[in-house]
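Working through the structure, step by step
Below are the chains, spelled out letter by letter.
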Amino acid sequence: MQKKEQLYEGKAKKVYRTDDPELLIVDYKDDATAFNGLKKGTITGKGVINNKMSNLLMKRLEKAGIPTHFVEELSERETVVKKVSIVPLEVIIRNIAAGSFAQRYGVEEGGVFEKPTIEFSYKNDALGDPLLNAYHAIALKLATGEEIETIKKYAFAVNEQLKAFWSECGVTLVDFKLEFGRLADGTIVLADEISPDTCRLWDSKTGEKLDKDRFRRDLGGVEDAYAEVMKRLSEHI
Ligand code: ADP
Ligand code: UDP
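Quick summary incoming for the structure in this document. (Residues numbered from 1 in each chain as written. Chains lettered and ligands numbered in written order. Predicted model: local features only at pLDDT ≥ 70, side-chain atom pairs only at ≥ 80, totals over all residues. Heavy atoms only, no water.)

1. Quick word on the pattern of salt bridges
For side chains bearing opposite charge, pairing can occur when the charged atoms are close. Cut-off, in case you're wondering: When a carboxyl oxygen of Asp or Glu lies within 4 Å of a side-chain nitrogen of Lys or Arg, that pair is called a salt bridge. Secondary structure elements are defined from DSSP: runs of H or I of at least 4 residues count as helices, runs of E of at least 2 residues count as strands, and each element is numbered from the N terminus. For the exposure calls, accessible area comes from a 1.4 Å probe over protein chains only, and a residue counts as buried if that area is under 20% of its type's maximum, exposed if over 50%, partly exposed in between.
If you walk through the whole model with that rule in mind, you get 29 salt bridges. Its salt-bridge partner being Glu179, residue Lys123 comes within 3.4 Å of it at the nearest N-O pair. One end of the pair, Lys123, is in the loop between β10 (112-122) and β11 (131-132); the other, Glu179, is in strand β12 (residues 171-182), and 56 residues separate them in sequence. Overall, the relative accessible area of 35% leaves Lys123 in the partly exposed class. With its nearest N and O atoms 3.2 Å apart, the salt bridge here joins Asp192 to Lys177. With a gap of 15 residues between them, Asp192 in the loop between β13 (188-191) and β14 (199-203) and Lys177 in strand β12 connect regions that are remote in the sequence. Pair check on accessibility: Asp192 and Lys177 agree, each one buried. Among the charged side chains, a salt-bridge network with shared partners connects Arg94, Arg104, Glu109, Glu119, Asp175, Arg200, Lys209, Asp213, Arg216 and Arg217.

2. Here's the deal with the site of ligand 1
We count it as follows: Being near a molecule or strand, for a residue, comes down to having at least one heavy atom within 4 Å of it. Here a polar contact means two N or O atoms within 3.5 Å. Within protein one must be a hydrogen donor candidate and the other an acceptor candidate, and residues neighboring in sequence count only if both atoms are side-chain atoms. Residue exposure ignores everything except the shown protein chains as possible cover, and the areas themselves are Shrake-Rupley values with a 1.4 Å probe. Note on residue categories: nonpolar means Ala, Val, Leu, Ile, Met, Phe, Trp, Tyr, Cys or Pro, charged means Asp, Glu, Lys or Arg, and polar means any other residue, Gly included.
Of all residues adjacent to ligand 1, which total 17 residues, the nearest are Tyr8, Lys11, Ala12, Lys13 and Glu179. The backbone of Lys82 places a nitrogen or oxygen atom 2.8 Å from a nitrogen atom of ligand 1. Relative to its free-state accessible area of 560 Å², ligand 1 is covered by the protein chains to the extent of 89%. For the shell around ligand 1, the elements supplying multiple residues, two or more each, are β2 (13-18) and β7 (78-82). Considered class by class, the residues forming the shell around ligand 1 number 8 nonpolar, 2 polar and 7 charged.

3. A few points about the side chain of Ser54
The following threshold applies: In what follows, a contact means two residues having at least one pair of non-hydrogen atoms within 4.5 Å.
As for its position among the elements, Ser54 is in helix α1 (residues 46-63). Residues in contact with Ser54, not counting those within four places in the same chain, are Tyr28, Asp192, Glu193 and Ile194.

4. Here's the deal with the sheet that holds strand β1 (residues 3-9)
The line we're drawing: For two strands to count as paired, DSSP must find a minimum of two bridges between them. Note on geometry: axes are lines fitted to C-alpha atoms, helical ones only across the stretch in contact, with angles between N-to-C directions running from 0 to 180 degrees.
Pairing is antiparallel across the open sheet formed by 5 strands, whose spatial order is β1-β2-β3-β7-β6. The open sheet terminates on both sides in strands that have one partner only, identified here as β1 and β6 (70-73). Put simply, the sheet's adjacent strands are angled 30° from each other on average, direction ignored. Relative to β7, strand β3 (residues 23-28) is paired through 5 bridges, and the arrangement is antiparallel. Its bridge partner lying in β7, Leu24 is registered against Val81. Packed on one face of the sheet, α1 meets β3, β6 and β7 and runs near 130° to β6.

Interpretation in functional terms is not warranted from these geometric data alone.
In structure tokens, the structure reads:
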């Protein structure tokens, strides 16, 4: 697999073209941002952990029948993925109140929902990723109604798989963000990453935060938290 020119540099990853027009290489960085890029920093070793964790979880999801962009891990930080046209929606599933949900609705963090919720935001940094519903997404031509139904089905299936798996690791899956994309033939697949950057993960016994909230909220022990969830995942996968 030949790595060609860089197509894009995002906040957490770089994306490269390859000699195959249907494949890309993503390269995970240690850069961390929060609050729509207002807070910037480095989490040493994060790129290596996020690359490995995302790949292990996507492989598991594939086995459970959820199609993903994962093709092959190339190195500690690099992975070959299927090139997709990203559906510009951040798909957020929540099992427990936290973060913007707790703020928006004025509830304490930690309340467990009777059933998981789904919400979408428009993936648009200039607008600050505004919240929208399925009707808005269709009106804005971000996705078709049929695509949204597929995305919802996959997102809840991902939640069931990941909740059960993290629970085996002594970790509670609070909430997470997914991105989906279209292959050349229009098939919807799970893309981007699944990592402590994009999931809230709490220790099931102590409630300790083992994710990017340690960085967002200046709680300290950021690197240790990422290493701890990676260790637990490696022992159980
Ligand atoms: P951001 O763009 O939010 O700063 P990243 O630093 O993670 O995020 O950059 C990675 C970019 O690559 C994101 O815009 C993401 O939507 C996109 N991406 C993820 N997986 C794929 C894929 N399989 N094909 C094309 N683009 C992808
Ligand atoms: N999330 C993400 N990228 C974003 C926004 C949210 O990965 O741009 C993840 C975040 O890590 C959390 C979940 O989505 O696991 C829900 O985030 P929330 O809406 O509570 O926003 P935040 O508190 O991060 O502003």
